[in-house]
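Tertiary structure, described
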Amino acid sequence: MKITDDAKLVINEALKEQNFDSVSLNIKETETGYGLAMELVNKKDDDRVVEINGVNVIMDMETEMALIATTFDAENGELTLVQEGGCGHDGCAGCSGCH
């Protein structure tokens, strides 16, 4: 997973405004497949934290693997996700339905 400098600015601004220090990411099952849940939080001692481009990201190993080919970017002050190639699970071509 990558976080561009533009995305880092958007994320850090949101963290500062809401008085949090980390972003929590989780892959969640939905009615139509899988989705990404993103939440601003304060890290706890037992959290698994990965620092990506200076941003504290809390995620489990499964989420990290699912997002291995994902780039967080920003356009007009809003985050965007760019999926490049497979989703990191067994070489599948995309994240819908590959889990």
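Everything quoted here is computed from the prediction, not taken from an experiment.

**Some details on the overall build of the protein chain**
- A count of helices and strands for the protein chain gives two helices and seven strands.
- The linear arrangement of helices and strands in the protein chain, starting from the amino end, is β-α-β-β-β-β-α-β-β.
- Here the protein chain holds 99 residues, and the buried ones make up 30% of them.
- Carbon and sulfur atoms form 45% of the exposed surface of the protein chain, whose accessible area is close to 6,300 Å².

**Focus: the sheet that holds strand β1 (residues 2-3)**
- The mixed open sheet is built from three strands, whose spatial order is β1-β6-β7. The open sheet has two free edges, formed respectively by β1 and β7 (78-83), since each of these has just one partner strand.
- In terms of strand pairing, β1 meets strand β6 (residues 70-75) through two bridges, oriented parallel. Each residue of the ladder has a partner; that of Lys-2, found in β6, is Thr-71.

**A closer look at the nonpolar core**
- With 15 residues, the main nonpolar core has Met-1, Ile-3, Val-23, Leu-25, Ile-52, Val-57 and Met-59 as its most contacted residues.
- Among the secondary structure elements, those contributing two or more residues to this core are α1 (5-18), β2 (22-30), β4 (49-52) and β5 (55-58).
- Top contributing element to this core by residue count: α1, with three residues.
- Met-59 has contacts with Met-1, Leu-25, Arg-48, Val-50, Ile-52 and Glu-64, leaving out every residue within four places of it along the chain.

**With respect to the side chain of Thr-71**
- Looking at the secondary structure, you find Thr-71 in strand β6.
- With near-sequence residues (within four places) excluded, Thr-71 lies in contact with Lys-2, Thr-4, Thr-80, Leu-81, Val-82 and Glu-84.

**Things to note about empty space enclosed by the protein**
- Applying the stated criterion across every chain, the model contains one cavity of 30 Å³ or more.
- Each pocket or cavity is described by its volume, and for the largest cavity that value is around 40 Å³.
- At the level of elements, β2 and β5 are the ones that each hand at least two residues to the lining of the largest cavity.
- A per-class count over the lining of the largest cavity returns nine nonpolar, no polar and no charged.

**Some thoughts on the sheet that holds β4**
- The mixed open sheet is built from four strands, whose spatial order is β3-β2-β5-β4. For this open sheet the edge positions go to β3 (33-41) and β4, each flanked by a neighbour on one side alone. With direction set aside, neighbouring strand axes in the sheet form an average angle of 30°.
- Taken together, the four bridges between β4 and β5 define a ladder with antiparallel strand orientation. Paired with Val-49 across the two strands is Ile-58, which belongs to β5.

What counts as what
- Residues numbered from 1 in each chain as written.
- Predicted model: local features only at pLDDT ≥ 70, side-chain atom pairs only at ≥ 80, totals over all residues.
- Heavy atoms only, no water.
- Helix = DSSP H or I, 4+ residues; strand = E, 2+ residues; numbered from the N terminus.
- Buried < 20%, exposed > 50% of the residue type's maximum accessible area, 1.4 Å probe, protein only.
- Areas by Shrake-Rupley, 256 points an atom, 1.4 Å probe, with all protein chains shown as cover.
- Pairing = 2+ DSSP bridges.
- Core = buried A, V, L, I, M, F, W, Y, C linked by side-chain atoms within 4.5 Å.
- Contact = heavy atoms within 4.5 Å.
- 1 Å grid on protein atoms, 1.4 Å probe; cavity = no way out; pocket = protein on both sides within 12 Å on 5 of 7 lines; lining within 4 Å.
- Points joined across faces, edges and corners; volume = space filled by probe spheres on them.
- Nonpolar A, V, L, I, M, F, W, Y, C, P; charged D, E, K, R; others polar.
- Axes fitted to C-alpha atoms, helices over the stretch in contact; angles between N-to-C directions.

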